[in-house]
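# Reading the structure
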Amino acid sequence: MLHIHKVSEMTGVTVRTLRHYDHIGLLQSSSKTEGGHRLYTHTDLKKLQQIQFMKKIGYRLNEIKNMLNSSDWDWSDSLKKQLSYVKKEQESLSKIESTLRELIHGMAIEDKSNEIAIQKVMQLANNDKELQERYRKSLFEERELKLWKKVPNLASDHPDTLEWIALIGQLKRFIHEDPGCSTVQNIIRRMDEKRTETFDGETEFLNKLWDVRMSEAQSEQLGLYPIDQDVLKYMNAAYEIFIGKKG
């Protein structure tokens, strides 16, 4: 027989948890010492291992109790239902993860203006994803839709996306400076390098994308993060100066 403290030491399950399992009838000790301490057999220990395993794959304690106490429990059906539940939870967590990334990146763009970023991400979250997809297909040809996948996405943690976010955030901080100043032109130069790295030769697609980006209504319909119009206009003015210098 194993003392409750020994079982706790061997399994990592706290004494308090073992007492709770006993109290709810999930795992009752086989015996007790004269002092009232619970004692467990090796069979009890195996049952505890089963309980911990079932907890690990997502079952609740009341479900585990029913499963272990029922001789005719349909394990196949139960496991299939649990798998379906886990997949739904994964989808839900994935959406939460995307929203958290959008908030973090949105705050970086808004220079830590938390309330503005939250409002904009809420706006994105409330948009109909199916309508966005249909609108995207109506604007872009099939070949261009493949290019669309390369457009920076605030829900992504890809290094390219992170750099674009940093560049836009930097540009926004210098919006009151002359768009032709060296600091702003260096930001634009790096933006142009990234544009070339990703979309070299795709001028038509980029022009179409920029026209959409400059329209608040179209940007919203496509599900693009709503960058302030004054920032976009400033970026455009700075880019025209940059192109002029290149020419």
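Another point: the overall build of the protein. Looking only at helices and strands, one finds 13 helices and 3 strands in the protein. Rg of the C-alpha trace for the protein: 29 Å, well past the compact-globule value of 18 Å for 247 residues, more than 25% over. The C-alpha extent of the protein, read off along each of the three principal axes, is 90 × 35 × 30 Å. Residue pairs at least 24 apart in sequence account for 59% of intrachain contacts in the protein once pairs closer than 6 positions are excluded. Looking at the protein as shown, the accessible area adds up to about 15700 Å², and 51% of this sits on carbon and sulfur atoms. Positive and negative side-chain charges in the protein, numbering 38 and 38 respectively, have mean positions lying 7 Å apart.

Another point: the nonpolar core. Residues Leu171, Ile188, Met191 and Tyr225 are the most contacted members of the largest nonpolar core, which totals 23 residues. Within the residue set of this core, elements represented by two or more residues are α6 (114–125), α9 (159–173), α10 (182–199) and α13 (229–246). Considering each element in turn, this core owes the most residues, 6 residues, to α13. Leave out the neighbours within four places in its chain, and isoleucine 188 touches Leu171, Met235, Ala238, Tyr239 and Phe242. Membership of the second largest hydrophobic core comes to 17 residues, among which are Val15, Leu18, Met54 and Ile64.

Looking at where glutamine 229 falls in the secondary structure, it is placed in helix α13. Leaving out residues up to four positions away in the same chain, glutamine 229 has contacts with Arg213, Met214 and Glu216.

Before going further, it helps to examine the layout of surface pockets. The volume enclosed by the largest pocket comes to roughly 1600 Å³. Secondary structure elements with two or more residues in the lining of the largest pocket: α5 (75–109), α6, α7 (129–139), α9, α10, α11 (203–213) and α13. Broken down by element, the lining of the largest pocket gets its largest block of residues, 7 residues, from α10. For the lining of the largest pocket, the per-class residue count stands at 24 nonpolar, 13 polar and 12 charged. Surrounding the second largest pocket, Lys120, Gln123, Arg213, Ser215, Glu216, Ser219, Glu220, Leu224, Pro226, Ile227, Asp228 and Gln229 form its lining. A class-by-class count of the residues in the lining of the second largest pocket yields 3 nonpolar, 4 polar and 5 charged.

So, on to the packing of aromatic side chains. Evaluated as defined, the whole model comprises 4 aromatic pairs. Ring geometry for phenylalanine 140 against phenylalanine 205: centres 5.5 Å apart, planes inclined by 50°, an arrangement best described as tilted. With phenylalanine 140 in the loop between α7 and α8 (142–148) and phenylalanine 205 in helix α11, the pair connects residues that are 65 residues apart, well separated along the chain. Overall, the relative accessible area of 4% leaves phenylalanine 140 in the buried class. Look at phenylalanine 205 and you get buried, because its relative accessible area is 0%. Summarising the aromatic geometry, the rings of phenylalanine 199 and phenylalanine 205 are spaced 5.7 Å apart at their centres and angled 40° between planes, so their arrangement reads as tilted. Considered together, phenylalanine 199 and phenylalanine 205 belong to a single accessibility category, that of buried residues. Among the aromatic side chains, those forming a connected cluster through ring pairs are Phe140, Trp148, Phe199 and Phe205.

Think of it this way: side chains of opposite charge can pair up when their charged atoms draw near. Using the criterion set out here, one finds 21 salt bridges in the structure. Residues aspartate 157 and arginine 101 are paired through a salt bridge, measuring 3.5 Å at the closest nitrogen-oxygen approach. You can see aspartate 157 sitting in the loop between α8 and α9 and its partner arginine 101 sitting in helix α5, a full 56 residues away along the chain. Under the relative-accessibility criterion, aspartate 157 is labelled partly exposed at 45%. The partner of glutamate 110 in a salt bridge is lysine 120, with the nearest N and O atoms 2.9 Å apart. Taken together, the positions of glutamate 110 in the loop between α5 and α6 and lysine 120 in helix α6 put the pair 10 residues apart, joining distant regions of the chain. Across the pair, lysine 120 and glutamate 110 agree in class, each one buried.

Let's shift gears to the sheet that holds strand β2 (residues 31–32). The strand order β1-β3-β2 describes an open sheet built from 3 strands, whose pairing is antiparallel. Edge positions in the sheet fall to β1 (2–3) and β2, since each of these pairs with one other strand and no more. In terms of strand pairing, β2 meets strand β3 (residues 38–40) through 2 bridges, oriented antiparallel. Each bridged residue has a counterpart across the sheet, and for serine 31 the counterpart in β3 is leucine 39.

What counts and how
Residues numbered from 1 in each chain as written. Predicted model: local features only at pLDDT ≥ 70, side-chain atom pairs only at ≥ 80, totals over all residues. Heavy atoms only, no water. Helix = DSSP H or I, 4+ residues; strand = E, 2+ residues; numbered from the N terminus. Rg over C-alpha atoms; globule rule 2.2 N^0.38 Å. Contact = heavy atoms within 4.5 Å. Areas by Shrake-Rupley, 256 points an atom, 1.4 Å probe, with all protein chains shown as cover. Lys, Arg positive; Asp, Glu negative; His and termini not counted. Charge placed at Lys NZ, Arg CZ, Asp CG, Glu CD. Core = buried A, V, L, I, M, F, W, Y, C linked by side-chain atoms within 4.5 Å. Buried < 20%, exposed > 50% of the residue type's maximum accessible area, 1.4 Å probe, protein only. 1 Å grid on protein atoms, 1.4 Å probe; cavity = no way out; pocket = protein on both sides within 12 Å on 5 of 7 lines; lining within 4 Å. Points joined across faces, edges and corners; volume = space filled by probe spheres on them. Nonpolar A, V, L, I, M, F, W, Y, C, P; charged D, E, K, R; others polar. Phe/Tyr/Trp six-rings, centres within 6.5 Å; stacked < 30°, edge-to-face > 60°. Salt bridge = Lys/Arg side-chain N within 4 Å of Asp/Glu carboxyl O. Pairing = 2+ DSSP bridges.

Honestly, that's just the spatial picture; any functional story needs more than this.
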